[in-house]
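Examination of the molecular architecture
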Amino acid sequence: MKTWTHAALFIVAAISCCGSALARDAVTEGQYLTTIGDCASCHTSRNGKPMAGGRVVPTPFGAIPSPNLTPDRETGLGDWSADDFYQALHSGKAHDGTSLYPAFPFTSYTKVTRADSDAMYAYLRSLPAVRNPNTPDTLRWPYRWRSLMATWRLMYFHEGEYQPDPKQGAQWNRGAYLVQGLGHCNECHANRNSFGAMVSDPFLAGGLIPVQNWYAPDLSMGPQGGLAGWSEGDVVALLKTGRSAKGSALGPMAEVVLKSTQHLTDADLSAIAVYL
């Protein structure tokens, strides 16, 4: 009997240890994924607590303060489930079903897999809860009417996770997933129409970042493309250090390198370069 009891206790302890390790792995992976997504840049105000929101995102239609992503029940994601979080990324809707404004790049995040979404959720839930009430937006009339988002979504939002291209290799597909999804590169490197929707054809063709008056360059490799003549090593160097033999990261891109791309693994940086 004692032998069986000891064996049972050992099994329970092993399962508990394994579960804790898996939880830690999910949190670590989630932290890395939020870094790829550069979430802190928008969801951390100057001198504010990490991911507690409050940074104002300027748009041509008015300013939108970023929400609190810490697990505070009153002002953050404390009452959000993993399903709610995935719904926000995948469908662009809050946990109460209201449509989010595309200042939050759900138009790209929709490509994120459920597994990656769950890992990001696990990381955000592991953060210290910070009470930081959301301040109202200053959107002009009629843009503050969220009901208008129904028409916008119908016209400009294409929901769906990234589907690997079977004609391409694993490295290319990994790069495509990062660039099109979490990296949301096209959100800056594309022109926008008068309704704030990305003009995505041609893809990554460059565009003026609204309000900031900063041109995000063309990232295509064609004869007249912004990356014409760049090697994969040049792309990796720019994303890793902010400098390469072909150019340097300036303006908003310098912040992306500082808070996001310099922290990516060499494998992911190479995948992005291969895809581009």
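These lines cover the structure that appears in this document, whether it is placed above or below. (Residues numbered from 1 in each chain as written. Predicted model: local features only at pLDDT ≥ 70, side-chain atom pairs only at ≥ 80, totals over all residues. Heavy atoms only, no water.)

Now for the overall build of the protein chain. Tallying secondary structure elements over the protein chain gives 10 helices and 6 strands in all. The C-alpha atoms of the protein chain give 21 Å as radius of gyration, which agrees with the globular expectation for 276 residues (19 Å, within 12%). With the C-alpha coordinates of the protein chain rotated into their principal frame, the extents come out at 80 × 45 × 40 Å. Relative to all contacts within the protein chain whose residues are 6 or more apart in sequence, the contacts with residues 24 or more apart total 58%. With an accessible surface of roughly 15,100 Å², the protein chain has 60% of that area assigned to carbon and sulfur atoms. Taken as two groups, the 22 positive and 23 negative side-chain charges of the protein chain have centres that lie 5 Å from each other. (Helix = DSSP H or I, 4+ residues; strand = E, 2+ residues; numbered from the N terminus. Rg over C-alpha atoms; globule rule 2.2 N^0.38 Å. Contact = heavy atoms within 4.5 Å. Areas by Shrake-Rupley, 256 points an atom, 1.4 Å probe, with all protein chains shown as cover. Lys, Arg positive; Asp, Glu negative; His and termini not counted. Charge placed at Lys NZ, Arg CZ, Asp CG, Glu CD.)

Tallied over the entire structure, the rule returns 10 aromatic pairs. Centroid distance Y162 to Y177: 6.1 Å. Interplanar angle 55°. Geometry classified as tilted. Placement of Y162 in the loop between α6 (149-156) and α7 (170-182) and of Y177 in helix α7 is noted, with a sequence separation of 15 residues between them. One exposure class covers both Y162 and Y177, and it is buried. (Phe/Tyr/Trp six-rings, centres within 6.5 Å; stacked < 30°, edge-to-face > 60°. Buried < 20%, exposed > 50% of the residue type's maximum accessible area, 1.4 Å probe, protein only.)

The next thing to look at is the pairing of strand β1 (residues 56-59). Side chains V57 and T59 of β1 all project onto a buried face; the interleaved residues V56 and P58 project onto a face where none is buried. Hairpin geometry of β1 and strand β2 (residues 62-65) is characterised by an intervening segment of 2 residues between the two adjacent antiparallel strands. (Pairing = 2+ DSSP bridges.)

Across all of its chains, the model carries 9 salt bridges by this definition. Measuring nitrogen to oxygen at the nearest pair gives 3.0 Å for the salt bridge that ties R55 to E255. Of this pair, R55 sits in the loop between α2 (39-43) and β1 while E255 sits in helix α9 (residues 252-259), and the two are 200 residues apart along the sequence. E255 sits in the partly exposed class, given a relative accessible area of 24%. With its nearest N and O atoms 2.9 Å apart, the salt bridge here joins D268 to R174. Of this pair, D268 sits in helix α10 (residues 266-275) while R174 sits in helix α7, placing them 94 residues apart in sequence. (Salt bridge = Lys/Arg side-chain N within 4 Å of Asp/Glu carboxyl O.)

With that settled, consider the state of the cysteines. Two cysteines, two sulfur atoms, one covalent bond between them: this is a disulfide. One pass over the full model with this rule turns up 0 disulfides. We note that C39 lacks a disulfide partner, and the nearest cysteine sulfur, in C42, lies 8.6 Å from it. (Disulfide = S-S within 2.5 Å.)

Further remarks concern a nonpolar patch on the surface. A cluster of nonpolar side chains, W141, W145 and L148, forms an exposed patch at the surface whose accessible area comes to about 380 Å². Locating W145 in the fold gives a position in the loop between α5 (114-126) and α6. (Patch = residues over 30% accessible without salt bridge, like charges linked within 9 Å, V, L, I, M, F, W, Y side chains within 5 Å.)

What is shown is where atoms sit, not what they do.
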